[in-house]
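Residues per chain are reported as follows:
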Amino acid sequence: MENLRMFVNGQAMSGGSLNGALSGAEFLGPAETAPRYRFYSVRDEFPGLHPVPSGGRSVPGELYAVTYEILRDHLLPGEPPELELGVIELADGSGTLCMRMRAESLTLPGVTDISDAGGWRAHLAAL
């Protein structure tokens, strides 16, 4: 079965409420994005990345090797409508799949830029 790399930066990380969706996936380790993204909290329920031409930050998260089946049957069904599957750049210059903020979701009520918070876990700890 072919594996894909998937970067997660919110509730699907180790210990998060959606990490069970990655059951059967191989944990590849911690990772960071290239500094090309802004990072948002949506109602303090989940985060989302969005690419920007300037002023971006590196966002910490975790990298997993997932099968299409895990992605299709377990991870994607639990993702909120404000996010979409896309490809991002990691700090090492490689690409990976990741859930990203839909552009039209950036102006919804409850969306806050947390790019300087140090990641999702740091943001939640500061609440």
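Residues numbered from 1 in each chain as written. Predicted model: local features only at pLDDT ≥ 70, side-chain atom pairs only at ≥ 80, totals over all residues. Heavy atoms only, no water.

A.B. asks: Honestly, the overall build of the protein in this entry has me stumped. Any pointers?
C.D. replies: The helix and strand tally for the protein stands at two helices and eight strands. A compact globule built from 127 residues should have a C-alpha radius of gyration of about 14 Å, and the protein, at 14 Å, falls within 12% of that. Dimensions along the principal axes, computed over C-alpha positions, put the protein at roughly 40 × 30 × 30 Å. The buried share of the protein, taken over its 127 residues, is 46%. Contacts in the protein between residues far apart in sequence, at least 24 positions, make up 69% of those at least 6 positions apart. When the accessible surface of the protein is summed, it comes to about 6300 Å², and 53% of that surface belongs to carbon and sulfur atoms. (Helix = DSSP H or I, 4+ residues; strand = E, 2+ residues; numbered from the N terminus. Rg over C-alpha atoms; globule rule 2.2 N^0.38 Å. Buried < 20%, exposed > 50% of the residue type's maximum accessible area, 1.4 Å probe, protein only. Contact = heavy atoms within 4.5 Å. Areas by Shrake-Rupley, 256 points an atom, 1.4 Å probe, with all protein chains shown as cover.)

A.B. asks: Help me understand the pattern of salt bridges, please; the structure alone is not making it clear to me.
C.D. replies: If the charged atoms of two oppositely charged side chains come close together, the side chains can form a pair. Enumeration over the complete set of coordinates arrives at eight salt bridges. The partner of Glu82 in a salt bridge is Arg43, with the nearest N and O atoms 3.2 Å apart. Placement of Glu82 in the loop between α1 (68-75) and β6 (83-89) and of Arg43 in the loop between β3 (37-42) and β4 (46-51) is noted, with a sequence separation of 39 residues between them. Between Arg57 and Asp116 there is a salt bridge, and its shortest N-O distance comes to 2.7 Å. Taken together, the residues Arg57 in the loop between β4 and β5 (60-67) and Asp116 in the loop between β8 (111-113) and α2 (120-126) connect sequence positions 59 residues apart. When its relative accessible area of 29% is taken as the criterion, Arg57 is described as partly exposed. Several salt bridges share partner residues, and in doing so they unite Arg43, Glu45 and Glu82 into one network. (Salt bridge = Lys/Arg side-chain N within 4 Å of Asp/Glu carboxyl O.)

A.B. asks: Can you walk me through the UniProt feature "domain: Allophanate hydrolase C-terminal" (unreviewed entry) in the protein in this structure?
C.D. replies: Residues annotated by UniProt as "domain: Allophanate hydrolase C-terminal" (unreviewed entry) correspond here to residues 5-124. For the annotated span residues 5-124, helix accounts for 11% and strand for 40% of the residues, and the straight-line distance between the end C-alpha atoms is 25 Å. (UniProt positions renumbered as here; feature names shortened; annotations may be inferred.)

A.B. asks: How should I be thinking about the pairing of β4 in this particular structure?
C.D. replies: Residues in a regular strand point their side chains to alternate faces of the sheet. Taking burial as the measure, the six residues of β4 include five buried ones, the bulk of the element. Bridge analysis of β3 against β4 gives six bridges, and the strand direction is antiparallel. Note on β4: the bridge partner recorded for Tyr40 is Gly48. Joining the antiparallel neighbours β3 and β4 is a turn of three residues, in which Arg43 adopts a positive phi near 55 degrees. (Pairing = 2+ DSSP bridges.)

A.B. asks: What should I look at first to understand the layout of surface pockets in this one?
C.D. replies: Unoccupied space between atoms shows up once a probe the size of one water molecule is rolled over them. The volume enclosed by the largest pocket comes to roughly 200 Å³. Taken together, 18 residues line the largest pocket, and the ones lying closest to its centre are Gly10, Gln11, Ala12, Glu79 and Leu83. Among the secondary structure elements, those contributing two or more residues to the lining of the largest pocket are β1 (3-8), β4 and β7 (95-101). With three residues, the single largest contributor to the lining of the largest pocket is β1. Grouping the amino acids of the lining of the largest pocket by side-chain chemistry returns twelve nonpolar, four polar and two charged. (1 Å grid on protein atoms, 1.4 Å probe; cavity = no way out; pocket = protein on both sides within 12 Å on 5 of 7 lines; lining within 4 Å. Points joined across faces, edges and corners; volume = space filled by probe spheres on them. Nonpolar A, V, L, I, M, F, W, Y, C, P; charged D, E, K, R; others polar.)

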